[in-house]
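# Residue-level structure breakdown
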Amino acid sequence: MSYPPPTATGPKVIAAGLDLGGTKIEMQVFNADWQTLTKQRIATPDSYPELVAAIAELISQNVAADVPVGIGAAGLIDPQNGKVLAANFCATGHTLPDDINAATNLDVTYINDCRALALSEAVFGAGKGHKTVASVILGTGVGGGVAVNGVLPVGPTGTGGEFGHCAASAAIVAHYGLPVFPCGCGRTGCVETYISGPGLERLALALTGRAMTSHDIATARSTDTAQVWGAWCALTADALRNLILTLDPDVIVLGGGLSNIDGMIDDVLAATKSAQIGDFAIPPIVLAQGGDSSGARGAAWMAAQ
Ligand SMILES: [Zn+2]
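Here the structure is a predicted model, which is why all the values come from computation and not from measurement. (Residues numbered from 1 in each chain as written. Predicted model: local features only at pLDDT ≥ 70, side-chain atom pairs only at ≥ 80, totals over all residues. Heavy atoms only, no water.)

### Re the pattern of salt bridges
Enumeration over the complete set of coordinates arrives at four salt bridges. The partner of glutamate 26 in a salt bridge is arginine 41, with the nearest N and O atoms 2.8 Å apart. Placement of the pair is glutamate 26 in strand E2 (residues 24–31) and arginine 41 in strand E3 (residues 36–43), with a sequence separation of 15 residues. With a relative accessible area of 48%, arginine 41 lands in the partly exposed category. (Salt bridge = Lys/Arg side-chain N within 4 Å of Asp/Glu carboxyl O. Helix = DSSP H or I, 4+ residues; strand = E, 2+ residues; numbered from the N terminus. Buried < 20%, exposed > 50% of the residue type's maximum accessible area, 1.4 Å probe, protein only.)

Have a look at this one:
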């Protein structure tokens, strides 16, 4: 689908967002109704100078200097020194936001991609109309964000929303006789190592002795895969229970590749109900609504605030 370019007499541009990932960078320009006016996608460059130059060029080609620009990117930024930690593109150890600002002469807003998705869901998607919205992205990794009244609180450490690196429930790990896995973050036993896409596959191997893809487990939920799915639901529900006990959100929005598994939301809802304390209620647990545009839209929204 293509969109007409904004013109001097055309729809007013309110903000622009970039979704920066390991394989592609996508820029979207939004009008005052937060509809996409233009989209441009390029491959993520392999070298850092090329990365900075490519982002700066995308921005200068697509928007005027007075338009707020937000970047939602995989990885984290340390607010103490402005340096990026990114597993899947070449910016680790570099002050990418500062370098983009220097190259464009702008003040670009830079946030984690899971936080951008969470914000987009809170404002435009499944969390719209709710006060406290917690989003959890279940994909290659596990992360998310919490938005309150359509705003993403930005804290001093830059790690808020990294739910995937909270500990998995020791009781559930022991119940299923599961190993304690090392995590990409350098610690062991993080819940991400069990409930991400690769985590689900680790559960299958540990419980059945057979290698299965997430797709196999999702489509053939019977006999031994039922136990794998049960363990995944229990560990995921326990992570959501921790969120409920900490934040008491009005709604929990689930996104990422694993949220596309048929019946996932019903099974996680049932598991979270049984994980909750006593007869206390749990908030609605719903699927994210945003598609490919969510990351860029969330980052653009944050920039426009
Ligand atoms: Zn971890």
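Next, the rest of the story.
### Quick word on the packing of helix H1 (residues 48–62) against helix H2 (residues 96–104)
Two numbers describe a pair of packed helices, the interaxial angle and the distance between the axes. The geometry of H1 relative to H2 is characterised by a closest axis approach of 9 Å and an angle of 50 degrees between their N-to-C directions. Taken together, the axis directions place H1 and H2 in an arrangement best described as oblique. Seen from above, H1 lies across H2 with right-handed handedness. Contact with H1, carried on its side by Tyr48, Leu51, Val52, Ile55, Ala56 and Ile59, involves Leu96, Asp99, Ile100, Ala103 and Thr104 of H2 and no other residues of that element. In terms of residue class, the contact of H1 with H2 is made up of nine nonpolar, one polar and one charged. (Axes fitted to C-alpha atoms, helices over the stretch in contact; angles between N-to-C directions. Parallel < 35°, antiparallel > 145°, perpendicular 65-115°, else oblique. Left-handed = near helix turned anticlockwise from the far one by under 90°. Contact = heavy atoms within 4.5 Å. Nonpolar A, V, L, I, M, F, W, Y, C, P; charged D, E, K, R; others polar.)

### Examining the coordination of the zinc ion
Coordination sphere of the zinc ion, protein contribution only: His165 (ND1), Cys183 (SG), Cys185 (SG) and Cys190 (SG), at 2.0 to 2.4 Å. Given four donor atoms and angles of 102 to 123 degrees at the metal, the environment of the zinc ion is assigned as tetrahedral. Here the donor residues for the zinc ion map to a single chain with the spacing H-x17-C-x1-C-x4-C. Of this pair, histidine 165 sits in the loop between strand E9 (142–148) and helix H4 (170–175) while cysteine 183 sits in the loop between H4 and helix H5 (192–195), and the two are 18 residues apart along the sequence. Overall, the relative accessible area of 27% leaves histidine 165 in the partly exposed class. (Donors = N, O, S within 2.8 Å, 3.2 Å for Na, K, Ca; no water. Tetrahedral: all angles 85-135°; square planar, octahedral: opposite > 155°, others 65-115°.)

### Overview of the environment of glycine 158
Structurally, glycine 158 can be placed in the loop between E9 and H4. Distance in space between the C-alpha atoms of glycine 158 and glutamine 80 is 9.2 Å, their sequence separation being 78 residues.

### As for the packing of helix H3 (residues 113–124) against helix H10 (residues 294–304)
Running from amino to carboxyl end, H3 crosses H10 at an angle of 80 degrees, the nearest separation of the two axes being 7 Å. Compared by their axis directions, H3 and H10 come out roughly perpendicular. In this structure, H3 contributes Ala116, Leu117, Leu119, Ser120, Glu121, Val123 and Phe124 to the contact, and H10 contributes Ser294, Gly295, Arg297, Gly298, Ala299, Trp301 and Met302. Each residue belonging to the contact of H3 with H10 can be placed in one class, and the counts come to eight nonpolar, four polar and two charged.

### Quick word on the layout of surface pockets
If you roll a probe as big as a water molecule over the atoms, it shows you where there is empty space left. Of the pockets and cavities examined, the largest pocket occupies roughly 1,600 Å³. Looking at the largest pocket, it is lined by 49 residues, and the ones nearest its centre are Ala74, Asp113, Cys114, Thr140 and Gly141. Elements represented by at least two residues in the lining of the largest pocket include exactly strand E1 (13–20), H3, E9, H5, helix H6 (197–208), strand E10 (251–255) and H10. Split into classes, the residues belonging to the lining of the largest pocket amount to 17 nonpolar, 23 polar and nine charged. By volume, the second largest pocket is sized at about 790 Å³. The wall of the second largest pocket is formed by 38 residues, among which Arg115, Pro153, Gly158, Thr159 and Gly160 lie closest to the centre. The set of elements that each furnish at least two residues to the lining of the second largest pocket consists of strand E5 (76–78), strand E7 (109–112), E9 and helix H8 (223–247). The greatest single-element share of the lining of the second largest pocket, amounting to six residues, is contributed by H8. In terms of residue class, the lining of the second largest pocket is made up of 23 nonpolar, 13 polar and two charged. Each of domain 1 (13–112) and domain 2 (126–287) gives at least three residues to the lining of the second largest pocket. (1 Å grid on protein atoms, 1.4 Å probe; cavity = no way out; pocket = protein on both sides within 12 Å on 5 of 7 lines; lining within 4 Å. Points joined across faces, edges and corners; volume = space filled by probe spheres on them. Domains from an automatic or database assignment.)

### So, the domain arrangement of the chain
You can read the domains of the chain as domain 1 (13–112) and domain 2 (126–287). With centres defined by C-alpha atoms, the gap from domain 1 to domain 2 works out at 29 Å. With five residues of domain 1 in contact, the opposing surface of domain 2 contributes five residues. Across the domain 1/domain 2 interface, buried area totals approximately 360 Å², and carbon plus sulfur atoms make up 59% of it. The largest contributions to the domain 1 side of the interface with domain 2 come from Leu76, Pro79 and Ile111, which together make up 77% of the buried area. Remark: the boundary between domain 1 and domain 2 carries zero salt bridges. Between the two partners, domain 1 and domain 2, sit zero residue pairs in polar contact (both at pLDDT 80 or more). For the side of domain 1 that touches domain 2, the secondary structure elements donating two or more residues are E5 and E7. Residue classes in the side of domain 1 that touches domain 2 are distributed as four nonpolar, one polar and no charged. (Buried area = accessible area lost by both parts, 1.4 Å probe. Polar contact = N/O pair within 3.5 Å; in protein donor to acceptor, adjacent residues only side chain to side chain.)

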